[in-house]
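Read off the chains here:
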Amino acid sequence: MEERLTHPRLRWPEPGQLVVLGGIAILAGLTWLDLWRRASEMAMHDAMGMAMPAGAPWDPLDLAGTGLMWGVMMIAMMLPSATPLLVLFARSQRLRVGVAEGSWRTGLLAAGYLVVWLGWSALAAGLQWVLHAFLLLSPGAALSALAGGALLIVAGLYQVTPWKQACLRRCQSPLGFMLAHWREGRAGAFRMGVAHGVYCVGCCWALMALLFVGGVMNLVWVAALAVLILLEKVVPGRWLSYASGAALIAWGLFVLRAGLAAA
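Residues numbered from 1 in each chain as written. Predicted model: local features only at pLDDT ≥ 70, side-chain atom pairs only at ≥ 80, totals over all residues. Heavy atoms only, no water.

Describe the overall build of the protein, and please don't skip the residues or the numbers.
When helices and strands are counted, the protein shows 12 helices and 0 strands. For the protein, the share of sequence-separated contacts (at least 6 apart) that also reach a separation of at least 24 residues comes to 83%. As presented, the protein carries roughly 13,100 Å² of accessible surface, and 73% of it is formed by carbon and sulfur atoms. (Helix = DSSP H or I, 4+ residues; strand = E, 2+ residues; numbered from the N terminus. Contact = heavy atoms within 4.5 Å. Areas by Shrake-Rupley, 256 points an atom, 1.4 Å probe, with all protein chains shown as cover.)

Describe the confidence of the model for the protein, listing the residues and the values that go with them.
Counting all residues, the mean pLDDT for the protein is 88, and 89% of those residues have values of 70 or more. The low-confidence segment residues 1-8, where pLDDT is below 50, has 14 contacts with residues more than four positions distant or belonging to other chains. (pLDDT = per-residue confidence, 0-100.)

Can you explain the packing of aromatic side chains? Please cite residues and give values.
Scanning the entire structure with this criterion turns up 7 aromatic pairs. With 5.7 Å between their ring centres and 45° between their planes, Phe89 and Trp182 make a pair best called tilted. One end of the pair, Phe89, is in helix α4 (residues 83-97); the other, Trp182, is in the loop between α8 (174-181) and α9 (185-209), and 93 residues separate them in sequence. This pair shows no difference in class: Phe89 is buried, exactly as Trp182 is. Where Phe177 meets Tyr199, the ring centres are 6.3 Å apart and the plane angle is 90°; that geometry is what we call edge-to-face. Here the residue Phe177 occupies a position in helix α8, and Tyr199 occupies one in helix α9, the gap between them amounting to 22 residues. One aromatic cluster is present, formed by Trp70, Trp117, Trp120 and Phe212 through successive ring pairs. (Phe/Tyr/Trp six-rings, centres within 6.5 Å; stacked < 30°, edge-to-face > 60°. Buried < 20%, exposed > 50% of the residue type's maximum accessible area, 1.4 Å probe, protein only.)

Can you break down helix α12 (residues 239-262) residue by residue, with the values?
Taking 1.5 Å per residue as the helical rise, α12 with its 24 residues ought to reach 34 Å, and the 35 Å between its terminal C-alpha atoms agrees with that figure. Residues of α12 that are buried: Leu240, Ser241, Ser244, Gly245, Leu248, Gly252, Val255 and Gly259. The elements touched by buried residues of α12 are α6 (145-158), α7 (162-172), α9 and α11 (219-234). (Expected span 1.5 Å × (residues − 1).)

Report on the state of the cysteines, specifying residues and quantitative values.
What is meant by a disulfide is a covalent connection between two cysteines, made through their sulfur atoms. A full pass over the atoms with the stated rule returns 0 disulfides. Cys203 provides the cysteine sulfur closest to Cys167, a residue in no disulfide bond, and the two sulfurs are 6.6 Å apart. For Cys167, a relative accessible area of 14% translates into the label buried. Cys204 provides the cysteine sulfur closest to Cys200, a residue in no disulfide bond, and the two sulfurs are 4.3 Å apart. (Disulfide = S-S within 2.5 Å.)

Now, about helix α5 (residues 99-133): what can you tell me, with residues and values included?
With 35 residues, α5 should reach 51 Å at 1.5 Å per residue; the first-to-last C-alpha distance of 50 Å fits that figure. One or two steps after α5, the chain reaches Leu135, where phi turns positive at roughly 60°.

Listed below in structure tokens is the structure:
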């Protein structure tokens with residue numbers, strides 16, 4: 001495996017890679033379409049005065065629906081950022097076990113990756129429930145100026161920590177990740193996906209928490225964070241995370257100052 005993968009060259013996608021790219025495009029497209037539908041329905045409810053009142057208690061269906069919304073959002077935002085790993089893995093599997101079996105294993109790798117993010121989605125839904133219960137969220141699921149400013153600063157500081165950079169290095173180097181975490185078979189592919197998902201959550205959790213700053217269903221904000229996360233993974237080096245961290249800290253200080261002035 002190492003002989004074949006240590007010197008990758010730019011080339012036209014192979015059949016197995018085309019299957020992977022097509023699957024990513026379809027699933028990501030469907031999830032973004034669902035997010036657009038949800039955001040449109042929420043805007044319509046707000047316009048008609050049908051939004052849930054602040055502090056209204058949630059029932060289990062509300063919590064489940066919020067968890068589903070977060071799950072769809074995580075697939076839409078994070079699956080495209082895993083494309084380099086999935087494409088490289090699909091090629092390695094074609095060389096070893098063929099296109100059909102390689103496609104199965106690549107799907108399991110993606111499934112393991114998404115399982116971790118779906119677990120994070122459950123935690124995010126629980127956090128939203130708590131924030132809603134304590135009247136800390138607006139109807140658009142955004143934090144107050146003071147809390148939002150503090151969260152921006154925390155996210156900016158995390159961008160430059162050794163923990164962030166250690167996880168980011170794994171995400172920026174699909175080849176290095178595969179060589180360090182290679183597992184054989186279908187179960188091994190799933191375990192590799194879980195491991196990559198753990199690194200990815202370690203890299204991006206603070207940026208994902210910023211969804212509470214711009215509004216959980218603010219699609220412009222969702223898309224902006226998704227683009228930043230993708231760029232962090234494909235642009236070599238640390239400069240982008242350092243620059244974005246500095247920008248987030250400055251923005252957070254500005255928001256805090258404005259919030260204190262208005263208090």
